[in-house]
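Here is how the chains run, residue by residue.
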Amino acid sequence: FPPLVRDLAFVVNEKMLYADIMELISAHHEYLKNVEVFDVYQGENIKEGFKSIAFRIKMQDENATLTDEIVDVQMKSVRDNLQKTFEGIALRG
């Protein structure tokens, strides 16, 4: 069954490690197959002392085709868990 891929970018304190975020993303989602960082950015439109980290998240069900609705619920869960766990983390729009 085909995977669905979503990208999420967060603005975080520049001292935050991407590995900590990846660990939390990976720990709570049943359809998750892969998480990778594809961009880290500091500069224009990012407040000094912060950075943007973008993740590519691949999800797949071995037994059925995932729907956008299922993946949307999973992505909301990822965002909510990160915002509860890491103070000051913000979704970059």
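Residues numbered from 1 in each chain as written. Predicted model: local features only at pLDDT ≥ 70, side-chain atom pairs only at ≥ 80, totals over all residues. Heavy atoms only, no water.

A. Representation of the overall build of the chain in the model. Within the chain, the secondary structure is distributed over two helices and four strands. Beginning at the N terminus, the succession of helices and strands in the chain can be written as β-α-β-β-α-β. Along the three orthogonal principal directions, the C-alpha set of the chain runs to about 45 × 25 × 20 Å. The proportion of buried residues among the 93 residues of the chain is 34%. In the chain, once contacts between residues fewer than 6 apart in sequence are set aside, the share between residues at least 24 apart is 72%. Element-wise, carbon and sulfur atoms account for 47% of the exposed surface of the chain, whose accessible area totals about 5900 Å². The chain carries 11 positive and 16 negative side-chain charges, and their two centres are separated by 2 Å. (Helix = DSSP H or I, 4+ residues; strand = E, 2+ residues; numbered from the N terminus. Buried < 20%, exposed > 50% of the residue type's maximum accessible area, 1.4 Å probe, protein only. Contact = heavy atoms within 4.5 Å. Areas by Shrake-Rupley, 256 points an atom, 1.4 Å probe, with all protein chains shown as cover. Lys, Arg positive; Asp, Glu negative; His and termini not counted. Charge placed at Lys NZ, Arg CZ, Asp CG, Glu CD.)

B. Quick peek at the pairing of strand β1 (residues 4-13). As defined by bridge partners, β1 adjoins strand β3 (residues 50-59) across ten bridges and the pair is classed as antiparallel. Bridge assignment links L8 to a residue of β3, and that residue is F55. Here two bridges tie β1 to strand β4 (residues 90-91), and the two strands are oriented antiparallel to one another. For F10, the partnering residue across the bridge sits in β4 and is L91. (Pairing = 2+ DSSP bridges.)

C. Spatial organisation of the packing of aromatic side chains. One pass over the structure, following the stated rule, counts one aromatic pair. We note R56 situated over the ring of F38; from NZ or CZ to the ring centre the distance is 4.2 Å. (Phe/Tyr/Trp six-rings, centres within 6.5 Å; stacked < 30°, edge-to-face > 60°. Lys NZ or Arg CZ within 6 Å of the ring centre and 35° of its normal.)

D. Local environment of the environment of V5. Locating V5 in the fold gives a position in strand β1. The exposure class assigned to V5 is partly exposed, which follows from its relative accessible area of 45%. If we ignore the near neighbours within four places in the chain, the residues touching V5 are R56, I57 and K58.

E. Structural detail: the side chain of S52. Tracing the backbone through its elements, the reader meets S52 in strand β3. Side chain to side chain, S52 and R92 meet in a polar contact 3.1 Å long. Excluding anything up to four places from it in sequence, S52 contacts A9, F10, V11, D39, V40, Y41, I46 and R92. (Polar contact = N/O pair within 3.5 Å; in protein donor to acceptor, adjacent residues only side chain to side chain.)

F. Just the nonpolar core, in detail. Counting residues in each nonpolar core, the largest one holds 22 residues, and the members touching the most others are I21, I25, F55, I57 and L82. If sequence neighbours within four positions are ignored, I25 has contacts with L32, V35, F55, I57, V78 and L82. (Core = buried A, V, L, I, M, F, W, Y, C linked by side-chain atoms within 4.5 Å.)

G. Spatial organisation of helix α1 (residues 18-27). Listed as buried for α1 are I21, M22, L24 and I25. One side of α1 carries all its buried residues, which in axial view fall inside an arc of 165°. Exposed residues lying more than 90 degrees from the buried face of α1 are E23 and A27. Buried residues in α1 make contact with β1, β2 (32-41), β3 and α2 (68-85). (Arc of directions from axis to C-beta.)

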